[in-house]
Amino acid sequence: MALQCGIVGLPNVGKSTLFNCLSNAKAQSANFPFCTIEPNVGVITVPDERLNRLAEIVHPQRIVPATVEIVDIAGLVKGASKGEGLGNKFLANIRETDAIIHVLRCFDDPNVVHVDGSVNPVRDKEIIDYELQLKDLETIESRITRVQKQAQTGGDKQAKLQYEVLKSYQEALLQGKPARTVQFETKDEQRCAHDLFLLTNKPVLYVCNVDDKSAVTGNKYVDMVREAVKEENAEILIVAAQTESEIAEFETYEERQMFLEEIGLKESGVSRLIRAAFHLLNLETYFTAGEMEVRAWTYMKGSKAPQCAGVIHTDFEKGFIRAEVIKYDDYIALGGESQCREAGKIGIEGKEYVVQDGDIMHFRFNV
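Residues numbered from 1 in each chain as written. Predicted model: local features only at pLDDT ≥ 70, side-chain atom pairs only at ≥ 80, totals over all residues. Heavy atoms only, no water.

**Student:** Can you explain empty space enclosed by the protein? Please cite residues and give values.
**Tutor:** Scanning the entire structure with this criterion turns up one cavity of 30 Å³ or more. For the lining of the largest cavity, the elements supplying multiple residues, two or more each, are strand 5 (99–105), helix 4 (121–153) and strand 6 (204–209). When residues of the lining of the largest cavity are assigned to their parent elements, the largest contribution, three residues, is made by helix 4. Split by residue class, the lining of the largest cavity holds seven nonpolar, two polar and two charged. (1 Å grid on protein atoms, 1.4 Å probe; cavity = no way out; pocket = protein on both sides within 12 Å on 5 of 7 lines; lining within 4 Å. Points joined across faces, edges and corners; volume = space filled by probe spheres on them. Helix = DSSP H or I, 4+ residues; strand = E, 2+ residues; numbered from the N terminus. Nonpolar A, V, L, I, M, F, W, Y, C, P; charged D, E, K, R; others polar.)

What follows is the structure in structure tokens.
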């Protein structure tokens, strides 16, 4: 499932350093703007301890984790919506992604220049927000011009619906609010809103890039960001990108864990970020477990059994008959599929079953 999170931020906020930690794809990391010209794409495995627990029971030949794609997008400057710097390229690249990881500089370092001369993550956030909002407003007003006459003078119900949705977005954007703060009640409105593909309607995760001393508790800059985004439908994650790059240099898991314990962390910021990106994309995981492999399969939250079967192969969805489902906790507690079968813990589910995160699935189909 090729869903992508785009990493965005002003130049020199630690964006490419973080991307390198995530993917091991060495995006050029340098102390000057636009060091990442083409978007770099990393396919990143999602850490999931449940896979290891299942493998301990099944002893498969291989373990296949879920993945998520992360795109490192060129740094943005003021005026991007008007084509300044790499503005048009930046906006085109971000439009192609499904969610945004917005990296904010929350550390002081006189050796790393700031494009605006001082550290202020809220100002930095507002610069990018403003550019994205301007581009969305341009899109909205262009659409309003096209549908306004039909909506106000004709009997076109669809045009009237589009016009009302567009006006709601226009009002929010003119107030400096992102499109994602606008909520629609009916499915028709929601579908119309989705089809606009607005930049500020994408789900966003704010990553506060801090110094190593602030990796656990945060700092005054993180507090500023929390206050600034409290009314947004967004999440915040604290990561020390430079520290994460040091962690990545250790060769063994044990060495990494020792280093994390020394600085007071239970797990790396990278692991937390990958999982957060996965959930930001509204993704969940079900498992298949057998002697050949234990595998995590990715699906959109709320999907029904046939659609989840289609993730494995389209024939599974076309010829879907039923799904045999074991809850993860039952599988672990009882020690495997045969034990669950004996205990009556295998559910037989039909086409209307909504798959739950962690389900162990076996599909029956006929084509």
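**Student:** Any details on the pattern of salt bridges? Residues and values, ideally.
**Tutor:** As enumerated under the stated definition, the model contains 17 salt bridges in all. The partner of R50 in a salt bridge is D357, and the shortest N-O contact between them spans 3.2 Å. Pair noted here: R50 is in helix 2 (residues 49–58) and D357 is in the loop between strand 11 (346–349) and strand 12 (360–365), with a separation of 307 residues, a long-range link. For K125, the salt bridge goes to D129, with nearest N and O atoms at 2.4 Å. Note that K125 and D129 are positioned in helix 4 at a spacing of four residues, about one turn of the helix. (Salt bridge = Lys/Arg side-chain N within 4 Å of Asp/Glu carboxyl O.)

**Student:** So what's going on with the environment of V182? Which residues, and what values?
**Tutor:** Inspection of the secondary structure assignment puts V182 in the loop between helix 5 (157–174) and helix 6 (187–194). Overall, the relative accessible area of 18% leaves V182 in the buried class. In this structure, the C-alpha to C-alpha distance between V182 and Y169, residues 13 residues apart in sequence, is 6.8 Å. If we skip the residues at most four places from it in the chain, V182 touches S168, Y169 and A172. (Buried < 20%, exposed > 50% of the residue type's maximum accessible area, 1.4 Å probe, protein only. Contact = heavy atoms within 4.5 Å.)

**Student:** Quick rundown of unusual backbone geometry? Include the residues and the values.
**Tutor:** Even without being glycine, H59 reaches a positive phi, approximately 55°. As for its position among the elements, H59 is in the loop between helix 2 and strand 3 (62–64). In this structure, F197 is a non-glycine residue whose phi angle is positive, near 50°. Considering the arrangement of structural elements, one finds F197 in the loop between helix 6 and strand 6.

**Student:** Which residues make up the packing of helix 5 against helix 6, and what values do they have?
**Tutor:** It is the contact of helix 5 with helix 6, at a shortest axis distance of 10 Å, that shows an interaxial angle of 65°. Between helix 5 and helix 6, the crossing angle belongs to the class labelled roughly perpendicular. The interaxial crossing formed by helix 5 with helix 6 has right-handed handedness. Listed contacts from helix 6 to L161, Q162, V165 and Y169 of helix 5 are D188, E189, C192 and A193. Of the residues contributing to the contact of helix 5 with helix 6, the split by class is five nonpolar, one polar and two charged. (Axes fitted to C-alpha atoms, helices over the stretch in contact; angles between N-to-C directions. Parallel < 35°, antiparallel > 145°, perpendicular 65-115°, else oblique. Left-handed = near helix turned anticlockwise from the far one by under 90°.)

**Student:** Give me the packing of aromatic side chains: which residues, what numbers.
**Tutor:** Each aromatic ring pair is characterised by the separation of its centres together with the angle its planes make. Going through the model one piece at a time under the given rule, you end up with five aromatic pairs. Connected via pairs of aromatic rings, a cluster forms that spans Y286, Y299, F320 and F363. (Phe/Tyr/Trp six-rings, centres within 6.5 Å; stacked < 30°, edge-to-face > 60°.)

**Student:** With reference to specific residues and values, describe the side chain of E244.
**Tutor:** Mapped onto the elements, E244 comes out in helix 8 (residues 241–249). In this view, E244 contacts C21, V239, S268, G269 and V270; residues no more than four positions away in its chain are not counted.

**Student:** Any chance you could break down the sheet that holds strand 7 (residues 234–239) for me, citing the residues and the numbers?
**Tutor:** Within the open sheet, the six strands sit side by side as 2-4-1-5-6-7. Their pairing is mixed. Either end of the sheet is taken by a strand with one partner, and the two such strands are strand 2 (40–45) and strand 7. Strand-to-strand twist in this sheet, taken as the mean axis angle between neighbours without regard to direction, amounts to 25°. Pairing geometry for strand 1 (residues 4–8) and strand 4 (residues 67–72), over four bridges, is parallel. The residue of strand 4 that forms the bridge with C5 is I70. (Pairing = 2+ DSSP bridges.)

**Student:** Give a description of the packing of helix 8 against helix 9 (residues 253–262) that names residues and reports values.
**Tutor:** Where helix 8 meets helix 9, the axes come as close as 8 Å, and the angle between the chain directions of the two elements is 150°. Relative to helix 9, the element helix 8 is oriented roughly antiparallel. Counted together, T243, E246 and I247 of helix 8 and R256, F259 and L260 of helix 9 form the full contact between these two elements.

**Student:** Please set out helix 5 residue by residue, giving values where relevant.
**Tutor:** Taking 1.5 Å of rise per residue, 18 residues should cover 26 Å, and helix 5 covers 26 Å from first to last C-alpha, within 8% of that figure. Looking at helix 5, one finds that the buried residues are A159, L161, Y163, V165, L166, Y169, Q170, A172 and L173. Against helix 4 and helix 6 lie the buried residues of helix 5. Residue G176 follows helix 5 closely and has a positive phi angle near 80°. (Expected span 1.5 Å × (residues − 1).)

**Student:** Kindly report on the confidence of the model for the protein, identifying the contributing residues and their values.
**Tutor:** In the predicted model, the protein carries a mean pLDDT of 85, and the fraction of residues at 70 or more is 89%. Helix 3 (residues 87–95) is the least confidently modelled element of the protein, averaging 70 in pLDDT, while helix 13 (residues 328–334) averages 97, the highest of any element. Note that pLDDT drops below 50 for residues 25–37; the model gives that stretch 33 contacts with residues more than four away or on any other chain. (pLDDT = per-residue confidence, 0-100.)

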